[in-house]
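Coordinate analysis (summary)
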Amino acid sequence: MIVNIRALLMSLSALLLCAPVIAWSRFDYVNGGHGWRQGDWLVNFGAGPVRRGLIGEFLIFLSDTSGVNLLVTTLIVQVIIFSAVAFVLWRIAIRHPAPALLLLLVASPAFFLIFFAANPMGSMRKELFGVLAMGLLTLCGIRGKQGLFLPILAIIAYTIWCIGNILHLFMLPAVLASLHLLHAQGILSRAAVRWLAGVSIAMALFWFAFALRYNEISNLADICAPLLARGLDMEICNHAIRWLVSGEIDHFGQVLQRLTFMSLVEYGALALLCLAPLVICFSLIAERRYLMFVFAICFIPLLPLYATATDWGRWLCLSYTMNALLLLHGTASGRLTLIRQPNTYLVTALLCASLLLTPEHSIGWKPDGALVTIVETIGVFL
């Protein structure tokens, strides 16, 4: 009975957090697409090879082959991947042996589902593949059953993640740590771990080299032409795609422009709230050195990116979610020892704060948070 109630509550929570993200996809369809949410997925090779472009080429091929409008094709693929991520996280939530710890780690505005629900500009980005990859590895560890199906799916998702955005190279240590945990549990053999880790490293390095070699394009018209020819408006090219055109955007200048005193205060305050569950874990879990190691491999590799673009909130969400999934994997596998349960009142307070105050996708905060966004979205549909 308790398990059923837990599953019901987790299911309702997941549905509520997913509702705004799915709704924005509907809005994007009505509005002819969004330059960030769909534009980033539709980067293509129309102006020559360029980083991120292979996914756009695949979507164009899929649209042409199926006869389905390109925007509709992109939205369908996004919703399918997002739904897969939500399903995997839901399965983790209802099966994890330490539900109180899980609730603590979820009680952060940087946790994937809460962050996506509160951030229209930051949702439906290619972090979907990374969270899916780590989620599949974590779920494999929680299930505790031998088999290669979920780990192989995870590495495929990680490869697509690297193709979609090179920043995901810097999450490679987290993926390797999760594979190591599966080996320590006896789920994966040493040979399987070596093979999966080797493919992960090779894909990460290959697509990193590709991104360095084909970092920018010379003009906007050629990369937009395949999209305009398939019925999309020029507005689809004016955000993520424009950022790839040589000389169009001063990336470092954009960062400096947003680094105001107030934006740093807002981001710093939200970062403290976001990281509070991880800090609390140091009093709950015996292996503190391992906790520091996990924190380091999830957060430190991404630090150079903070000087190259303004999506600080997205990167905080990515690092936090990877860290949380590794801790859930570690405690489920027995690698991490839970010596006490988190305080119920403290977890409740953190969860309420996380639903009301969320990091912006860039530098700053959103004082309306996921809860207000959910209510407003339901109001629009009613």
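Residues numbered from 1 in each chain as written. Predicted model: local features only at pLDDT ≥ 70, side-chain atom pairs only at ≥ 80, totals over all residues. Heavy atoms only, no water.

Digging into the overall build of the protein
In plain terms, the rule: Segments assigned H or I by DSSP are reported as helices when at least four residues long, segments assigned E as strands when at least two residues long, and all are numbered from the N terminus. Each residue's exposure class comes from its accessible area (1.4 Å probe, protein chains only) as a fraction of the maximum for that residue type: buried when under 20%, exposed when over 50%, partly exposed otherwise. Note on definitions: a residue-residue contact is assigned when non-hydrogen atoms from the two residues lie within 4.5 Å. Reported accessibility uses the Shrake-Rupley method at a 1.4 Å probe radius. Residues are deemed covered only where the shown protein chains occlude them.
Check the secondary structure of the protein and you find 16 helices and two strands. Burial status across the protein gives 53% buried among its 382 residues. For the protein, the proportion of contacts with a sequence separation of at least 24, taken over those separated by at least 6, is 77%. Entry remark: accessible area of the protein is about 16,100 Å², with carbon and sulfur atoms responsible for 69%.

Details of the state of the cysteines
Put simply, the rule reads: For the purposes of this analysis, a disulfide is any pair of cysteine sulfur atoms at a distance within 2.5 Å.
Scanning the model with the defined rule gives one disulfide in all. Considering cysteine sulfurs only, Cys-317 is the nearest to Cys-18, which forms no disulfide, with 13 Å between them. The thiol sulfur of Cys-298 is not disulfide-bonded, and the nearest other cysteine sulfur, from Cys-317, lies at 12 Å.

Some words on helix α8 (residues 172-184)
Applied cut-off: To estimate the expected span of a helix, subtract one from its residue number and multiply by 1.5 Å.
With 13 residues, α8 ought to run about 18 Å at 1.5 Å a step, and its terminal C-alpha atoms sit 18 Å apart, in line with that. For α8, the full list of buried residues reads Leu-172, Ala-174, Val-175, Ala-177, Ser-178, Leu-179, Leu-181 and Leu-182. Where α8 is buried, its residues touch α6 (127-143), α7 (149-164), α9 (190-213), α13 (288-299) and α14 (312-333). In the segment just after α8, Gly-186 is the residue with positive phi, at about 85°.

Looking at the side chain of Ser-354
Short version of the rule: N or O atoms closer than or at 3.5 Å make up a polar contact, with two conditions inside protein: a donor-capable atom paired with an acceptor-capable one, and, for residues adjacent in sequence, both atoms drawn from side chains.
If you trace the backbone, Ser-354 turns up in helix α15 (residues 344-356). Overall, the relative accessible area of 0% leaves Ser-354 in the buried class. At 3.2 Å, the side chain of Ser-354 forms a polar contact with the backbone oxygen of Ala-107. For Ser-354, the contacting residues outside a window of four places in its chain are Ala-107, Ser-108, Pro-109 and Ile-114.

Description of the packing of aromatic side chains
Where we set the bar: Under the pairing criterion, centres of Phe, Tyr and Trp rings, with the six-membered ring standing for Trp, must be within 6.5 Å; the plane angle then separates stacked pairs below 30 degrees from edge-to-face pairs above 60, leaving the rest tilted.
Counted under the stated rule, the structure contains 16 aromatic pairs. Measuring from centroid to centroid gives 5.7 Å for Trp-41 and Phe-129, while their planes differ by 40°, and the two rings are tilted. Separated by 88 residues along the polypeptide, Trp-41 in the loop between α1 (2-30) and α2 (53-66) and Phe-129 in helix α6 bring together distant segments of the chain. For the pair Trp-41 and Phe-129, a shared accessibility class is recorded, and that class is buried. In textbook terms, an aromatic cluster arises when at least three aromatic residues are bridged by ring pairs, as seen for Phe-45, Phe-206, Trp-207, Phe-210 and Tyr-214.

Some points on the side chain of Ser-25
Tracing the sequence through the fold places Ser-25 in helix α1. Ignoring sequence-local partners within four residues, the contact set of Ser-25 consists of Leu-75, Val-79 and Met-124.

Quick look at empty space enclosed by the protein
Going by this rule: Residues are said to line a cavity or pocket when one of their atoms sits within 4 Å of a point; the points come from a 1 Å grid over protein atoms alone, cavities being sets where a 1.4 Å probe fits but cannot get out and pockets being open sets with protein on both sides within 12 Å along at least five of seven lines. Grid points are joined across faces, edges and corners, and a volume is the space filled by probe spheres set on the points.
Across all of its chains, the model carries two cavities of 30 Å³ or more by this definition. In this model, the largest cavity occupies a volume close to 70 Å³. As for the largest cavity, its lining consists of 13 residues, of which Arg-51, Arg-52, Ile-163, Trp-207 and Phe-210 are closest to the centre. Among the elements that line the lining of the largest cavity, the one with the most residues is α9, at three residues.

Here we look at the packing of α8 against α14
Let me state the cut-off plainly: What counts as an axis is a line fitted to C-alpha atoms, over the stretch in contact for a helix, and the angles between N-to-C directions run from 0 to 180 degrees. Small angles under 35 degrees read as roughly parallel and large ones over 145 as roughly antiparallel, with 65 to 115 read as roughly perpendicular and the rest as oblique. In this classification, Asp, Glu, Lys and Arg are treated as charged, Ala, Val, Leu, Ile, Met, Phe, Trp, Tyr, Cys and Pro as nonpolar, and every other residue, Gly included, as polar.
Their axes nearest at 10 Å, the elements α8 and α14 cross at an angle of 10°. One finds that α8 runs roughly parallel with respect to α14. Contacts between α8 and α14 pair Ala-174, Ala-177, Ser-178, Leu-181 and Leu-182 from the former with Met-322, Leu-326, His-329, Gly-330 and Ser-333 from the latter. Along the lines of polarity and charge, the residues of the contact of α8 with α14 split into six nonpolar, four polar and no charged.

As for a nonpolar patch on the surface
Condition: The residues that make up patches have over 30% relative accessible area and no salt bridge, and they are joined within 9 Å when like-charged or within 5 Å when they are Val, Leu, Ile, Met, Phe, Trp or Tyr. Salt-bridge detection follows one rule: a side-chain nitrogen of Lys or Arg within 4 Å of a carboxyl oxygen of Asp or Glu.
Residues Leu-148, Phe-149, Ile-152, Leu-153, Ile-156 and Trp-195 make up a contiguous nonpolar surface patch of about 580 Å² in total accessible area. The leading source of residues in the nonpolar patch is α7, at four residues. In this fold, Leu-153 is placed in helix α7. Judged by relative accessible area, Leu-153 falls into the partly exposed class, the value being 33%.

Quick look at unusual backbone geometry
Here Arg-52, not a glycine, exhibits a phi torsion of approximately 75°, which is positive. Examined against the element boundaries, Arg-52 turns out to sit in the loop between α1 and α2. With relative accessibility at 18%, the residue Arg-52 sits in the buried group.

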